[in-house]
Amino acid sequence: MLTFENVTKIYSGSKKAVNNLNLQIEKGEFICFIGPSGCGKTTSMKMVNRLIEPTEGRILIDGKDIMKQNRVQMRREIGYVIQQIGLFPHMTISENITLVPKLLQWSKEKRRERAAELIKLVNLPEEYLDRYPQELSGGQQQRIGVLRALASNPPLILMDEPFGALDPITRDGLQEEFKDLQKRLGKTIVFVTHDMDEAIKLADRIVIMKDGEIVQVDTPDEILRNPANEFVESFIGKERLIQTKPDVTTVGQIMNKIPATVHKEETLSTAIQRMKEKRVDSLLVIGDDQTLEGYIDVEDIEENRKKSTLVGEIYETELYKVKEDSLIRDTIQKMLRRHTKYVPVVDEQNRLKGIVTRATLADLVYDSIWGDEDDN
Amino acid sequence: MDALIQFFQEQGSTLALKTWEHLYISLIAVLLGILVAVPVGILLTRINRAADTVIRIVSIIQTFPSLAILAFFIPILGVGKVPAIVALFFYSMLPILRNTYIGIKNTDRNLLEAGRGMGMTNTQLIFSVELPLAIPIIMAGVRVSTVYLIGWATLASFVGAGGLGDFIFDGLNLYQPELILAGAIPSTILALLADFILGKVEKKLTPTTKSTHYETA
């Protein structure tokens, strides 16, 4: 859909604003460019519709070099939304929305029809079409700004921090609305932002830039899980990394690796002694080769100590267990729902690897609440 | 009162003629001013480097004593209405040129970027965005020019262009204050009237930014 090939932009005399950018964007993808100011994210985006012309390299849309096309014509085929909304104050909402169709010389009726059709997409009443931009709230205005970019149904839309000037609540609502709209319409979006939350929420892939170069391109999950370097980590923010820990941390990372166990061939008295040593009220029962067989708790021993002598005769096999690579957030949910106190962790061969207890979770919650203060 | 009636009986037709001449000279000069200064003003916004120099030159012209300018054109253009109109035209330039330049220059850059990014050509940007939004500022320049020019046009009488200045200079030469008034009062009224009418025109030309339905709602 959109390809950057060794694209470099040098502003007269100064250093490279964008240095050798290579990127391939697929149709229907939502791409967020993010980075500190001056990292070249906006420059990269504006080169796509030639508001800024690349110094070197090629940008291809559907395989066609943009430099070889008529600039004005090409821009009419790309949606464009800017941060300051940029609705024309002397045009009605309808005229604003259908500006590009007008440039493309659609008939008046067709334009009006299109405007009415579009305004329904963002749940604004049709009467608004005859109002002027200043009569709408900021959030409503930016909805119109987005519609204006959609008017001629372009496959590609460029957005330059479109929600940056809105208050947080409006922004949040609009982000969700827009993400939903994008999925429904299957548009390819290039979206510039400096807000990591926004990027994580919206993007299919995030392009992190610094000093005119790409630092990392990946899905939000992957970037949170495996930041490419310290810059990305600091850019994501420590706070967010801790916050998102439950999201991407696996059970394997936080489990207690030495659970209290007893072999099924051992005697009940050994078991009760071990419970006393470890100060626990139940033990995981393992077979040969560390395979998890079940568990035994103090009540089982109490009830059966006269009848049996071996753990293997009385242990319970009904046991909820998880794999090492399960996400901690799912595990927490299940533990809380089942009211279990712990979950054993096993590998593919059902060998016991560790245990997650409620105490482990307390540690995790403690980290995310107090973790920052510990560093100070 | 009698004197006034008598004056009108004697000079009524002359007054009408002089008023017409006066209006004619000033309006032609303003019109020429608009025709030249507005396009030049727009052009200057496109060639930033020249803007300062051009505006400075026009400002300097503005400081020339008007009488001197009128006299200056006699050897070139002779006497009569033409040198008067040309001289006044120069005076009309500055306010219109400067206001056009500032008005267009002050267009919200975001609007320009949005327009350009959506595929508007330069001409489309000028005519459907920049010019409509700059109308109030340009019109303010036109109004100032017109009012000044109607005042200065009395001096055109010096180069034989006619107009209400004839009354004033006759009055000065003949020591007849009523003739001075006969020139001064109509010229003042003309200036006020022109300003009023141009105010209406400005309102008409300024694009709406509010729906009437919303105001009453």
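How each quantity is defined
Residues numbered from 1 in each chain as written. Chains lettered and ligands numbered in written order. Predicted model: local features only at pLDDT ≥ 70, side-chain atom pairs only at ≥ 80, totals over all residues. Heavy atoms only, no water. Buried < 20%, exposed > 50% of the residue type's maximum accessible area, 1.4 Å probe, protein only. Helix = DSSP H or I, 4+ residues; strand = E, 2+ residues; numbered from the N terminus. Right-handed = clockwise from strand over helix to strand, strands pointing away. Contact = heavy atoms within 4.5 Å. Buried area = accessible area lost by both parts, 1.4 Å probe. Salt bridge = Lys/Arg side-chain N within 4 Å of Asp/Glu carboxyl O. Polar contact = N/O pair within 3.5 Å; in protein donor to acceptor, adjacent residues only side chain to side chain. Nonpolar A, V, L, I, M, F, W, Y, C, P; charged D, E, K, R; others polar. Disulfide = S-S within 2.5 Å. Pairing = 2+ DSSP bridges. Axes fitted to C-alpha atoms, helices over the stretch in contact; angles between N-to-C directions. Expected span 1.5 Å × (residues − 1). Arc of directions from axis to C-beta.

Enquirer: Can you explain the pairing of strand β8 (residues 188-193) of chain A? Please cite residues and give values.
Expert: All names here are of chain A. Counting buried positions over the 6 residues of β8 gives 6, a clear majority of the element. Of the two faces of β8, the one holding T188, V190 and V192 and the one holding I189, F191 and T193 are both buried throughout. With helix α7 (residues 168-185) bridging strand β7 (residues 156-160) and the parallel β8, this β-α-β connection has right-handed handedness.

Enquirer: Outline the interface of chain B and chain A, supporting the account with residue identities and numerical values.
Expert: Counting from both sides, the interface comprises 23 residues of chain B and, opposite them, 25 residues of chain A. Here chain B meets chain A over a buried area of about 2,200 Å², counting both sides, of which 63% is carbon and sulfur. The tally of links between chain B and chain A comes to 1 salt bridge. Salt-bridge contacts for K46 of chain A lead to E113 of chain B; the nearest nitrogen and oxygen are separated by 3.2 Å. Joining chain B to chain A, the criterion identifies 7 residue pairs in polar contact (both at pLDDT 80 or more). Counting only elements with at least two residues in the side of chain B that touches chain A, the list comes to α5 (109-117), α6 (122-152) and α9 (212-216) of chain B. At 7 residues, α5 of chain B tops the list of elements feeding residues into the side of chain B that touches chain A. Its residues placed into classes, the side of chain B that touches chain A shows 9 nonpolar, 11 polar and 3 charged.

Enquirer: Can you break down the state of the cysteines residue by residue, with the values?
Expert: Residues and elements named next belong to chain A. Counted according to the given criterion, the structure contains 0 disulfides over all chains. Not part of a disulfide, C32 finds its nearest cysteine sulfur in C39, a span of 13 Å. For C39, a relative accessible area of 1% corresponds to the buried category.

Enquirer: Kindly report on the sheet that holds strand β11 (residues 261-263) of chain A, identifying the contributing residues and their values.
Expert: The strands that make up a sheet are held in pairs by hydrogen bonds between backbone atoms, and each pair lies either parallel or antiparallel. Residue and element names in this part refer to chain A. What the 3 strands build is an open sheet, ordered β11-β12-β13; its pairing is mixed. Of all the strands in the sheet, the pair left with one neighbour each is β11 and β13 (292-297). For this sheet, the mean inter-axis angle between neighbouring strands, taken without regard to orientation, is 35 degrees. Note: β11 against strand β12 (residues 282-286), 3 bridges, orientation parallel. When the sheet's bridge partners are listed, V262 is paired in β12 with V285. Sheet strands touched by helix α14 (residues 268-278): β11, β12 and β13. Its angle to β12, the strand with the most contacts, is close to 130 degrees.

Enquirer: Explain helix α2 (residues 48-63) of chain B residue by residue, including any values.
Expert: All names here are of chain B. Taking 1.5 Å as the rise per residue, α2 with 16 residues should run 22 Å; its terminal C-alpha atoms sit 24 Å apart, in good agreement. For α2, the full list of buried residues reads A51, I55, V58, I61 and Q62. Buried residues along α2 cover an arc of 115 degrees about the axis, so they all sit on one side. Exposed positions of α2 whose direction lies more than 90 degrees from the buried face are R49, D52, R56 and T63.

By themselves, these observations are geometric and do not establish any function.
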